[in-house]
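# Overview (structure and organization)
This is what each chain is made of:
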Amino acid sequence: MFETLPATAQEFGAWTWAQIAPFYDDLVARPLTADSVAQWLGDWTKIAALIDEVSTRFMIATTVNTADEESERRYKIFLDEIVPQAMAAEQKVKQKLIESGLQPRGFELPLKKLKTEADLYHESNLPLLSELRKLSLEYDKISGARIVQWDGAEIPMTQLSPILQDPDRERRERAWRTMIGRIRQDSDALAPLWQQLLMTRRQVAQNAGFDNFRAYRWQQLFRFDYTPADAKQFLTTIEKVVVPAARRSKEKRRQRLGIPTLRPWDLTVDPTGLPALHPCDSIAELETKTLNIFRHIDPQLASYFETMQAEKLLDLDSRKNKASGGYSLGLSVTRRPFIFANAVGNHGDVVVLLHEGGHAFHTFEVAGLPYLQQRQEQMVPIEFAEVASTAMELLGLPYLTTQYGGFYNEAQAARAAIEALEGAIIFWPYMAMIDALQHKIYENELAAADIQYCDAVWTELVDRYGPGIDWSGLDAEKRIFWRQQSHVFQSPFYYIEYGIALLGAVQVWANSLRDPAEAVAAYRRALALGGTAALPELYAKAGAKFAFDAETLQSAVDLLEQTITQLEPIAYP
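Just so you know, the residues in each chain are numbered from 1, in the order the chain's sequence is written. Only residues with pLDDT of at least 70 get local features here, since the model is predicted, and only at 80 or more are side-chain atom pairs given and counted; chain-wide, interface and lining totals rely on the full set of residues. Heavy atoms throughout the structure, all of them, feed into the side-chain values; hydrogens and water do not.

On to helix α23 (residues 516–527), then. Runs of E in the DSSP output that reach at least two residues are strands. Runs of H or I that reach at least four are helices, and both are numbered from the N terminus. A helix's residues, less one, multiplied by 1.5 Å, set its expected span. Relative to the 16 Å expected for 12 residues at 1.5 Å per residue, α23 spans 17 Å between its end C-alpha atoms, a close match to the ideal helical length. Note on exposure labels: buried denotes an accessible area under 20% of the residue type's maximum, exposed denotes more than 50%, and partly exposed covers the range between, all computed with a 1.4 Å probe on protein chains only. Among all positions of α23, only Ala519, Val520, Ala522, Tyr523, Ala526 and Leu527 are buried. Buried residues along α23 cover an arc of 160 degrees about the axis, so they all sit on one side. This arc corresponds to the set of directions leading from the helix axis out to the C-beta atoms.

See the structure below:
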C-alpha cells in the first residue's frame, strides 16, 4: 500500500489524518522480523518523510513571508489536526521496533534516540507541543514586523546592520539606537509571549516526569556525550581562556579607533577607518562568487550548490515581512536543502551563505542513507551539524580574493579573514552569556517567567563575559539586548552547540592549513555519517577532537591570534 503514497510533499499536504492513519496502522500491525525489518523501515521512512517535509515547507512559507495569512492558517491547521495524531502514531511505531529487540545494521544510534523519544512521549504533551510551535510563529511575526524609519524611508530593521560598519561614528550610533529602540518597542508583546513559552515548557517537562525543562530538553536534544555540568564547566573555561583574549582584541580595536572607550556601536566597524567591505551589488553576484569559492574548496560541494540554484532552493534577500536570521533546512522527501537568509550588502552576507552552505552540504552528503531516522535533522547531533557550517566559513577564507573568482583584493580578503578570526574569539564569550542565561532561566523557571528577571541576569552576564565595552548611559538597552536572540525564545539550549562546534571547526581549519584536500575529504566523510555515529566518532572522522577543555581551547585561541598577527600587515599595509 505504501506505493500509493503521493510522490511529493506538496500533494501530501492536502491529505487528512483519515487518509494518513491506515499507513501507520499497517506498520503497527505488520509482523516484524530480521528478514522484514529493512522493508518495514523503508516504508516507515516514506510516510514519516512526507509529514516531515510538509512541516518544513510550512515553516519556510511562514518565514519567507510572515504576513502570509493563508500559509499561517494552513500551518496552524496542520499543527492542530495532523501533528498530534502523527506523534501518537509515531510513538506506536517506535514502541513496536523497540519491543521487537531487533538491531538493524547502521541503526544502533538512531534506535537509542528513538528509545529516548519514546521515553519522553506523553500524550498530554501533544497539544502543548503544538502550542509551542504556534508561540514560535508569534515570535517570528514580531521579529518579521520590525520596520524602522531611516533617512526618510521605511526599511526592515535588519538593513541597518551594514551601517554599524560605517566609519561615521555618529551615524553608527544612530543606527544602533534605532535598532535597539525598535526591539524595545516589542516589550509589551514579548513579555506575555515569553511567559507563555516558559510556563508551557515547564508543564511539558513535568508531564514527562522531569523536575525542570532543562532535564527534559537535554534528553530531547540527545545529549548523550556531555552533561549540564560539563556545559557549565565549558562556560567557566571560556571565562578563563577566551575572555582575556577577547579583552585584548577589544583594546586593540579601541586604540586603533582612537577613542577613549569602546561603545556598542564600535564593535564591527573597520578599526582603521576604512569603509565597510562591500562584497557585491546583487544577490546574483553573491551566489556566483560564493559558488566560485565552493569550487576551489571542493568541486562536488560546488555541484551541490549549483543544484540548489537550478531548483530555486535559495531565498537570500532582505525584505519587508520576512523573518529575521538565516537557516538551512532539509526537505526529507526530495533530500534537498533550502537556504534562507537576509542579505543586506555587507560581508556578513558572504559569511551567512558559506555557513548555511555547510549545513546544506550536510543534507546532500547524508542523502544516501536509506532511512529517515539516520539523516533527519534532529537525529544528527547539532554539536556536529554546526561543525559542518562553521568549518565552511573558515575553509572559504583562502578563496575570498578575485584571484579565485571571489569578492576582494588581497588586502580586503585579509581584512575579512581577520574579521572572521577575531569574531571567533569574541563569539565564545557571547555564546557563554546566552547559554549561561538559559541555565539560569531553567534553574529558576517561576522567577524567570518575568522577562525582567532575565534582563537582570543578562546584565550580570554582560559584566562577567563582556568586559571592555562602555555601556554608560545605556542601562536599559544593555538589559534587553538578549531579546533579539531568537534561540532563547524558539530553541531553548540550542546555542552552546555553536561554541562546541566552533572549537571543532577551528581544528578542521587547522588541518586545512597543512593539507587542504585531506582536510576537506575528512570533513565530507564525517558529514556522510549523518546520525549513525556519536559525537566523539564524528569529530574524529573529521580530524578533530570532541573536547572543550582548557588545553584544547587555548590551542585554538593561540592559532587564531597568531594568524591574525600574520594577516594584519597584509590587511593594513
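Attention now moves to the side chain of threonine 459. Positionally, threonine 459 belongs in helix α19 (residues 451–465). Threonine 459 sits in the buried class, given a relative accessible area of 18%. Apart from the residues lying within four places of it in its own chain, the contact partners of threonine 459 are Lys478 and Arg479. In what follows, residue pairs with any heavy atoms lying within 4.5 Å of each other are defined as contacts.

Turning to the sheet that holds strand β3 (residues 314–317), a few remarks are in order. What the 3 strands build is an open sheet, ordered β3-β5-β4; its pairing is mixed. At either end of the open sheet lies a strand with only one pairing partner, and these are β3 and β4 (327–331). With strand direction ignored, the average angle separating the axes of adjacent strands in the sheet is 15 degrees. Axis geometry follows a simple rule: fit a line to the C-alpha atoms, using only the stretch in contact for helices, then measure angles between N-to-C directions, giving values from 0 to 180 degrees. Against the sheet, helix α12 (residues 283–297) contacts β3 and β5 (336–343), and its axis sits at roughly 120 degrees relative to β3. In the packing of helix α14 (residues 347–366) onto the sheet, the strands contacted are β3, β4 and β5, and the crossing angle to β5 comes to about 170 degrees. Strands qualify as paired when DSSP identifies two bridges or more between them.

It is worth spelling out the pattern of salt bridges at this point. When a carboxyl oxygen of Asp or Glu is within 4 Å of a side-chain nitrogen of Lys or Arg, the pair counts as a salt bridge. By the definition in use, this model includes 42 salt bridges. Among the ionic pairs, aspartate 186 bridges to arginine 146, the shortest N-O distance being 2.6 Å. Of the two residues, aspartate 186 sits in the loop between α8 (169–185) and α9 (187–207) while arginine 146 sits in the loop between α7 (126–144) and β1 (147–150), which places them 40 residues apart along the sequence. Across the pair, arginine 146 and aspartate 186 agree in class, each one buried. When the shortest N-O distance is used, the salt bridge between lysine 289 and glutamate 285 registers 2.7 Å. In this pair, lysine 289 and glutamate 285 are both assigned in helix α12, 4 residues apart and thus about one turn of the helix distant. Residue glutamate 285 is classed as partly exposed on the basis of its relative accessible area, which comes to 23%. Counted as one network, the salt bridges with shared partners bring together Glu3, Asp26, Arg30, Asp43 and Lys46.

Between its first and last C-alpha, helix α17 (residues 410–443) extends 49 Å over 34 residues, near the 50 Å set by a 1.5 Å rise per residue. Most pronounced at phenylalanine 427, the bend in α17 amounts to some 30 degrees, and the proline proline 429 follows within four residues. Polar contact is defined as a pair of N or O atoms within 3.5 Å, subject to the rule that within protein one atom must be able to donate a hydrogen and the other to accept it, and that residues adjacent in sequence are counted only when both atoms are side-chain atoms. With a side-chain oxygen positioned 3.1 Å from the backbone nitrogen of alanine 411, the residue opening α17 is asparagine 409. The angle between axes fitted to the seven-residue stretch ending at a residue and the seven-residue stretch beginning at it gives the bend at that residue.

Let us look at the environment of alanine 302. Locating alanine 302 in the fold gives a position in helix α13 (residues 299–310). A residue is classified by how much of its surface remains accessible, and alanine 302, at 2% relative accessible area, is buried. Taking the C-alpha atoms as reference, alanine 302 lies 44 Å from glutamate 99; in sequence the two are 203 residues apart. Non-local contacts of alanine 302, meaning those with residues more than four positions away in its chain, are made with Leu291, Phe294 and Arg295.

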